[in-house]
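Architecture at a glance
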Amino acid sequence: MSTSNDRILIESIAEAARRGKVSRREFMQFSVAAGITATAGSALWTSEVSAQTPKKGGTFRVGVHNGNTSDSMDPGAYQAIGEIQLAHTFRSYLTEITSENGLGPDMADAWETNDDATVWTFQLNPDATFHDGRSFTARDAVASLNHHRGDDTSSAAKALLETVSDVKADGDHTLIVELSTGVADFPWLMTDYHLAMLPAKEDGTVEWKNWTGAGPYKIVSHKPGVTTSMVRHDGWHREGAYFDAVEFTYINDPNARQTALMTGDVDSITSPDLKTLSLLQRNKDIAIDNTPSGSALTFPMFADVDPYTDVHVRLAMKHAINRQELIDKTMFGTGTVANDVHVSSNMPYYAELEQTPYDPDKAKFHLGKAGLDKLKVDLSTSDSVYPSAVDMCTLFAEHARPAGITINVVREPADGYWSNVWLKKPFCFVKWGARPTPDNIFSLAYASDVVWNESHWSNARFDELLEQARAELDDDLRTEMYAEMQQLAKDDGSTVIPAFVNFVCARNAKVMHGPSVAASWENDGARAAHRWWFA
């Protein structure tokens, strides 16, 4: 091939062929025109198109981590990875994060706003149906969003919709959302995994207790935390859903999960054992997806419970952890250093702040400022949350010891971690999925009175800036506001955030996907079932 432009042309033609828009004959003609031989063109067709062209058929078996017998069908109560993976397989949303990490349509085909982003209009897909054959209409969309609004809702997504003043239907396929203040990121918020579209009841509430969704697959049987069996929803409104059926097996033990992949009991796992990842990579029958993301590991400390009420104790904990060593030894390089701020470098409005170093002497200094010469705390964790989570917490304890801080690592039961430990214990280990914008994660977990404020941190200036930035359409001013918020979280916040993790997933080499995968959740933004296929 003569130039890089020719290669770009061939790649574009190959992608068109994979999507069925260019035939083999046309591909060969374009390839010859680009200066390659017929033999080379035929080889390219085999490697670049035929093997990577989606084919229908087969049962996709997935080993999913973090499934619990207490998992709920109520989208407002979703917490665990098992719930999130299942939700994106049998339910649908207004918008989605694409495999290229952009914003794309799902139940909504298009959207627009007014000049100050206070009114958003969504045009809904007229062909979308629920699994029981009912058409999806704007009335269903209204009820689905209202499920997370009002004084009576217990939804964790309530904070995301605080600015929504009214939701109404304009005919069957137009949804209008009115806001009390402008929200420039509103279509991105609609990708949140809680905001699934559900069928409306006559009284305006939603049906969530049954298994009726509008996603690519419909549930045949479901045992929470054990197994879920699904078959293709033939009335699905989009491309994809190439598998005939999908089976989830919830396997919390990382060794058992990886063994299931190696023995062929499953075709893909959401999180392999990082300790043996290098060995797994040598297996020619296994493919690894190692995707950098904004998924944060957090150690929230209840800011309203002693000893964490004192900011100097919080700062001592932040100086008592060696972040890079933690990544090297327990994440095996599959992560990037974080700075106690829940905004990664691949997110918009990321601020370059001075890195908090590992400094036991500085940690001792802050303990002294808090009137302490030593400190002993319990730290709850479980490997069901993240492979090597226990090792990670144990290493944190080793880091903290020279500072006079004793961390007692408490290994909690895997089943029920999200209902019995998170938001209940004053110091624990948490893994967050990636969120697309700072407003999304700050509104969900750092505003003072939201349900998922895991550290109980409250800062009036942070709350004020959050409201201002959300409505600010001047990008420069918005950047300044988010920078100040990140500084506040770093200096005053009550969460140690040592690292952002890569989403590391493993699959049988016969399981194929496109040239990129989403970095929002494991297994292509939790949408592997509708985007992937068997070779």
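One structure accompanies this document, and this report is about it. Predicted model only: the values in this text are computed from it and were never measured. (Residues numbered from 1 in each chain as written. Predicted model: local features only at pLDDT ≥ 70, side-chain atom pairs only at ≥ 80, totals over all residues. Heavy atoms only, no water.)

1. Side note on the overall build of the chain
Broken down by element type, the chain carries 18 helices and 19 strands. If one aligns the C-alpha atoms of the chain with their principal axes, the spans along those axes are about 80 × 55 × 50 Å. Here the chain holds 535 residues, and 58% of them are scored as buried. Here the analysis covers contacts within the chain between residues at least 6 apart in sequence; of these, 70% occur between residues at least 24 apart. As displayed, the chain has an accessible area near 20900 Å², and 48% of this comes from carbon and sulfur atoms. If the 48 positive side-chain charges of the chain are averaged to one point and the 73 negative ones to another, these points end up 7 Å apart. (Helix = DSSP H or I, 4+ residues; strand = E, 2+ residues; numbered from the N terminus. Buried < 20%, exposed > 50% of the residue type's maximum accessible area, 1.4 Å probe, protein only. Contact = heavy atoms within 4.5 Å. Areas by Shrake-Rupley, 256 points an atom, 1.4 Å probe, with all protein chains shown as cover. Lys, Arg positive; Asp, Glu negative; His and termini not counted. Charge placed at Lys NZ, Arg CZ, Asp CG, Glu CD.)

2. Concerning the side chain of Glu454
Residue placement: Glu454 occurs in the loop between helix H14 (438-445) and helix H15 (460-471). Comment: no salt bridge for buried Glu454; closest opposite-charge side chain is Arg435, at 9.8 Å. In this structure the side chain of Glu454 is engaged in a polar contact, spanning 3.0 Å, whose partner is the side chain of Thr298. Excluding residues within four positions of it along the chain, Glu454 makes contact with Thr298, Pro300, Phe302, Trp422, Leu423, Val430, Trp432, Ala445, Tyr446 and Thr495. (Salt bridge = Lys/Arg side-chain N within 4 Å of Asp/Glu carboxyl O. Polar contact = N/O pair within 3.5 Å; in protein donor to acceptor, adjacent residues only side chain to side chain.)

3. Here we look at the sheet that holds strand E6 (residues 164-169)
Strand order in the open sheet formed by four strands is E4-E5-E7-E6, and the pairing between neighbours is antiparallel. With one partner strand each, in any of the chains shown, strand E4 (108-113) and E6 form the two edges of the open sheet. Strand-to-strand twist in this sheet, taken as the mean axis angle between neighbours without regard to direction, amounts to 15 degrees. Bridge count for E4 against strand E5 (residues 119-124) is five bridges, and the pairing is antiparallel. Across the sheet, residue Glu112 finds its bridge partner in E5, namely Thr121. The strands that helix H5 (residues 138-146) touches are E5, E6 and strand E7 (174-179); relative to E6, the one it contacts most, it runs at about 155 degrees. (Pairing = 2+ DSSP bridges. Axes fitted to C-alpha atoms, helices over the stretch in contact; angles between N-to-C directions.)

4. Quick look at the pattern of salt bridges
If the charged atoms of two oppositely charged side chains come close together, the side chains can form a pair. Across all of its chains, the model carries 26 salt bridges by this definition. Two residues, Asp267 and Arg61, come together in a salt bridge whose shortest N-O distance is 2.9 Å. Taken as a pair, Asp267 in the loop between helix H7 (254-262) and strand E11 (268-269) and Arg61 in strand E1 (residues 59-64) lie far apart in primary sequence, 206 residues in all. Note on Arg61: relative accessible area 25%, which makes it partly exposed. Look at the salt bridges and you will find they share partners, linking Glu96, Asp106, Arg238, Asp524, Arg527 and Arg531 into a network.

5. Points about the environment of Tyr350
Structurally, Tyr350 can be placed in the loop between strand E13 (335-337) and helix H11 (360-369). For Tyr350, a relative accessible area of 34% gives the class partly exposed. Sequence separation of Tyr350 and Ser70 is 280 residues, and the distance between their C-alpha atoms is 36 Å. Once residues within four sequence positions are removed from consideration, Tyr350 is found in contact with Val343, Ser344, Ser345 and Gln486.

6. Some points on the environment of Val341
Looking at where Val341 falls in the secondary structure, it is placed in the loop between E13 and H11. Classification of Val341 by relative accessible area gives buried; the value is 4%. Here the alpha-carbon distance between Val341 and Leu353, two residues 12 residues apart in the chain, equals 9.5 Å. Setting aside residues up to four positions removed in sequence, Val341 forms contacts with Leu353, Gln486, Lys490, Ile497 and Phe500.

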